[in-house]
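Below are the chains, spelled out letter by letter.
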Amino acid sequence: MSDHVVLHVKGRVLVGPEDVRDELWAVDGRVTYTRPSAEALTIEGWALPGLVDAHCHVGLDQHGPVDAGTAEKQALTDRDAGTLLIRDAGSPSDTRWIDAREDLPKIIRAGRHIARTRRYIRNYAHEIEPEDLVAYVGQEARRGDGWVKLVGDWLDREAGDLGACWPRAEVEAAIAEAHRLGARVTAHCFAEDSLRDLVEAGIDCIEHATGLTEETIPLFAERGVAIVPTLVNIATFPKLAQGGEQKFPRWSAHMRRLYERRYDTVRSAYDAGVPVFVGTDAGGSLAHGLVAAEVEELVKAGIPPIEALSATTWGARSWLGRPALEEGAPADLVVYADDPRADVRVLAAPRRVVVNGRVIG
């Protein structure tokens, strides 16, 4: 990491979708548009606010919590891909030590997943029954950074298919408790049948949202409920379906249907006015550093490139209550050789990554 205190970023600085400036400076780790008197290290290119991965799990792998060394490698991989703000959508690991590291992404934590007993991946979640939901949501709301993560549906082995995990009354009470404590609530949902209850109960966001239909999309739009589609994760559905074919054929067929209509689902939600944000679901079975691939997937789904870009930059930061490149903001930015608005695939090749005003690498 460079020791330069003053950094000069020259070229095209994308402060917003239409707000393009010729230069900025980073002084003592903060953005300024006023030229300082001190000498500066100059870097050139197209600059964006540090990218956002709004569904990422640092400190978690496919088996459960990982050690600090592994969590550090995950965070470094995301950082080097340009992801400088992460909403950690559920983790059993304590990653607070990352906050003291000026060279790692900033993390907004949702505490630990809250799931129904034996209805989620082993070693990931608090596994509880509905009567305990309010208490656990309160606990995680206090432990997190303004978010709580529920598992809204999962394979019901008796039914042989995806099924909702929580009764309506308990969900309403739990979401009300989170809101009372100042936290927003999101939920993992693959299927259709949990969505109406969750949205009408006041949920703030749905992860994956593959089960959206023409009946529920207008409800999401009306309530302003965001979705984080994680399309790079949905790409694994055919393989999952194949693995479960013998034991759970209904579930396998359902997963294939959700996969086949994934782009139509996301595009229909976007067209209806549902807020859509970038998330990769890294840290379970997926690798870290996939943020550029997810932006490209949103464009394939039919979201305009500038909106897909906003879903990982200006729009995502505003949604999460974090600054972009305004005066006085932390100087977290990524510099590219070409204009990412013209081709989002540019995001896959950062020229420079700057964290707290310092050039990484």
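First, a word on what this report is: a plain description of the structure on this page. Computed from a prediction, not measured in an experiment: that's the story for all the values here. (Residues numbered from 1 in each chain as written. Predicted model: local features only at pLDDT ≥ 70, side-chain atom pairs only at ≥ 80, totals over all residues. Heavy atoms only, no water.)

Our next topic: unusual backbone geometry. For Asp-28, which is not a glycine, the phi torsion comes out positive at approximately 50 degrees. Backbone geometry places Arg-118, a non-glycine residue, at a positive phi of 55 degrees.

Sheet analysis places strand β13 (residues 153-156) next to strand β14 (residues 161-164), joined by four bridges and oriented antiparallel. Note that in β14 the partner of Leu-155 across the bridge is Leu-162. (Pairing = 2+ DSSP bridges. Helix = DSSP H or I, 4+ residues; strand = E, 2+ residues; numbered from the N terminus.)

Together, Arg-118, Arg-122, Arg-157 and Lys-247 give the surface a local cluster of positive charge. Within the secondary structure, Lys-247 is located in the loop between α7 (237-244) and α8 (249-260). (Patch = residues over 30% accessible without salt bridge, like charges linked within 9 Å, V, L, I, M, F, W, Y side chains within 5 Å. Areas by Shrake-Rupley, 256 points an atom, 1.4 Å probe, with all protein chains shown as cover. Salt bridge = Lys/Arg side-chain N within 4 Å of Asp/Glu carboxyl O. Lys, Arg positive; Asp, Glu negative; His and termini not counted. Charge placed at Lys NZ, Arg CZ, Asp CG, Glu CD.)

Across the sheet, seven strands lie side by side as β3-β2-β1-β4-β18-β19-β20; this open sheet has mixed pairing. Here the strands that pair on one side only, and so sit at the sheet edges, are β3 (30-32) and β20 (358-360). In this sheet, neighbouring strand axes are inclined to one another by 40 degrees on average, regardless of whether the strands run parallel or antiparallel. Summarising the sheet, strand β2 (residues 20-27) and β3 pair through three bridges and their orientation is antiparallel. The partner of Val-27 across the bridge, within β3, is Arg-30. (Axes fitted to C-alpha atoms, helices over the stretch in contact; angles between N-to-C directions.)

On to empty space enclosed by the protein. In this structure the tally under the stated criterion is one cavity of 30 Å³ or more. Residue assignment for the lining of the largest cavity shows that the elements contributing at least two residues are α6 (231-234) and α9 (262-271). Of the residues assigned to the lining of the largest cavity, the class counts are five nonpolar, three polar and one charged. (1 Å grid on protein atoms, 1.4 Å probe; cavity = no way out; pocket = protein on both sides within 12 Å on 5 of 7 lines; lining within 4 Å. Points joined across faces, edges and corners; volume = space filled by probe spheres on them. Nonpolar A, V, L, I, M, F, W, Y, C, P; charged D, E, K, R; others polar.)

In this structure the tally under the stated criterion is six aromatic pairs. Between the aromatic rings of Phe-190 and Phe-237, the centroid separation amounts to 4.8 Å while the plane-to-plane angle is 70 degrees, which identifies the pairing as edge-to-face. Of the two residues, Phe-190 is situated in the loop between β15 (184-189) and α4 (195-200) and Phe-237 in helix α7; the sequence distance between them amounts to 47 residues. Judged on exposure class, the residue Phe-190 and its partner Phe-237 are both buried. (Phe/Tyr/Trp six-rings, centres within 6.5 Å; stacked < 30°, edge-to-face > 60°. Buried < 20%, exposed > 50% of the residue type's maximum accessible area, 1.4 Å probe, protein only.)

All right, on to the pairing of strand β19 (residues 352-355) then. Across three bridges, strand β18 (residues 333-336) lies against β19 in antiparallel orientation. Within β19, the position partnered with Val-335 by the bridge is Arg-352. Taken together, the three bridges between β19 and β20 define a ladder with antiparallel strand orientation. For Val-353, the partnering residue across the bridge sits in β20 and is Ile-360. If you look at the hairpin formed by β19 and β20, you'll find two residues sitting between the two strands, and Asn-356 has a positive phi there, around 50 degrees.

Glancing now at the sheet that holds strand β9 (residues 106-109). Strand order in the open sheet formed by three strands is β5-β8-β9, with parallel pairing between adjacent strands. Because the sheet does not close on itself, it has two edges, and the strands there are β5 (51-56) and β9. Strand-to-strand, the axes of this sheet are offset by a mean angle of 20 degrees, without reference to chain direction. Taken together, the four bridges between β5 and strand β8 (residues 83-88) define a ladder with parallel strand orientation. Pairing of Cys-56 across the sheet is with Asp-88, part of β8.

Take the layout of surface pockets next. Summary: where empty space remains is shown by rolling a probe the size of a single water molecule over the atoms. By volume, the largest pocket amounts to about 1100 Å³. When residues of the lining of the largest pocket are assigned to their parent elements, the largest contribution, four residues, is made by α7.

So, to be careful, I would describe these as geometric facts and stop short of saying anything about function.
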